[in-house]
Amino acid sequence: SAVISQKPSRDICQRGTSLTIQCQVDSQVTMMFWYRQQPGQSLTLIATANQGSEATYESGFVIDKFPISRPNLTFSTLTVSNMSPEDSSIYLCSVESQGGGETQYFGPGTRLLVL
Amino acid sequence: SQQGEEDPQALSIQEGENATMNCSYKTSINNLQWYRQNSGRGLVHLILIRSNEREKHSGRLRVTLDTSKKSSSLLITASRAADTASYFCATGFYSGNTPLVFGKGTRLSVIA
């Protein structure tokens, strides 16, 4: 398995500001995934982050709005830029544990409220 | 676009009863995973079933997969109030390091 931590666990932000969410994994992993869960909805993939290369974004998500860093094999950040109330969501990172088959593990999530 | 569709969207049962949730998907998959989420918190992985498997068990959980019908079911036996949560199915298209596509989820309420 993989143990994933995220910071912050929650935040309340003003529109127009930016927030950087950190994701730390207890083991080295190739890929890290960032998802968004809007209120009452399911999870939607934002992007895939591979160490040493630029993140790959899904349709509807752009790098200027959601820049991602992946400086090493255990850490990644997602920034939500120029926030609006529509960005209020839970943001989750996930990884596939090395040697664990295809099982994907999720962090506890960051609950963001934009006023 | 989302791959999985769960039904029912919401399910309310009495403690001790069994709960069955269904998931359908549209294209071929490598694996299907079920998760539980309590009150908007992080996702807890319940069980993974691969496309060449038909049934798996884990404690009070039983998962089936029918690739011909592109559907899966999650059965929770002898439900408890602590099982109250949202349950999601997620499909993986390939083997290894690929993101999952989530269904809309089923909200399960177990009444003591």
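Model, not experiment: these values are computed from the prediction.

A. Focus on the layout of surface pockets. By volume, the largest pocket amounts to about 420 Å³. Forming the boundary of the largest pocket are 22 residues, of which A:Q37, A:Q38, A:P39, A:G40 and A:Q41 lie nearest the centre. Looking at the lining of the largest pocket, the elements with two or more residues in it are β9 (89-96) and β11 (110-114) of chain A together with β9 (85-92) and β11 (106-111) of chain B. Classifying every residue of the lining of the largest pocket by side-chain character gives 4 nonpolar, 15 polar and 3 charged.

B. Structural detail: unusual backbone geometry. Residues A:K7 and A:P8 are joined by a peptide bond in cis, for which omega reads -10°. A cis amide bond, omega 0°, links B:D7 with the succeeding residue B:P8. Here B:P8 shows up in the loop between β1 (5-7) and β2 (10-14). Residues other than glycine seldom take positive phi values, yet A:N82 does so here, at roughly 45°. Mapped onto the elements of the fold, A:N82 is located in the loop between β8 (75-80) and β9. You can call A:N82 exposed: its relative accessible area is 54%. In the Ramachandran plot, B:K70 falls in the positive-phi region, its phi being about 50° despite a non-glycine side chain. Assignment of secondary structure puts B:K70 in the loop between β7 (61-66) and β8 (71-76).

C. The state of the cysteines, seen in detail. Using the criterion set out here, one finds 2 disulfides over all chains in the structure. A disulfide bridge connects A:C23 with A:C93, and the sulfur atoms are separated by 1.9 Å. What sets the handedness of the A:C23 and A:C93 disulfide is the S-S torsion sign, and at about 75° it is right-handed. Note that A:C23 is positioned in strand β3 (residues 19-25) and A:C93 in strand β9, a separation of 70 residues in sequence. Of the two residues, A:C23 and A:C93, neither departs from the other in class, the shared state being buried. B:C23 shares a disulfide with B:C89; S-S distance 2.0 Å. Between B:C23 and B:C89 the disulfide shows an S-S torsion of about 65°. By sign, it is right-handed. One end of the pair, B:C23, is in strand β3 (residues 19-24); the other, B:C89, is in strand β9, and 66 residues separate them in sequence. With relative accessibility at 0%, the residue B:C89 sits in the buried group. The thiol sulfur of A:C13 is not disulfide-bonded, and the nearest other cysteine sulfur, from A:C93, lies at 17 Å.

Basis of the calculations
Residues numbered from 1 in each chain as written. Chains lettered and ligands numbered in written order. Predicted model: local features only at pLDDT ≥ 70, side-chain atom pairs only at ≥ 80, totals over all residues. Heavy atoms only, no water. 1 Å grid on protein atoms, 1.4 Å probe; cavity = no way out; pocket = protein on both sides within 12 Å on 5 of 7 lines; lining within 4 Å. Points joined across faces, edges and corners; volume = space filled by probe spheres on them. Helix = DSSP H or I, 4+ residues; strand = E, 2+ residues; numbered from the N terminus. Nonpolar A, V, L, I, M, F, W, Y, C, P; charged D, E, K, R; others polar. Buried < 20%, exposed > 50% of the residue type's maximum accessible area, 1.4 Å probe, protein only. Disulfide = S-S within 2.5 Å.

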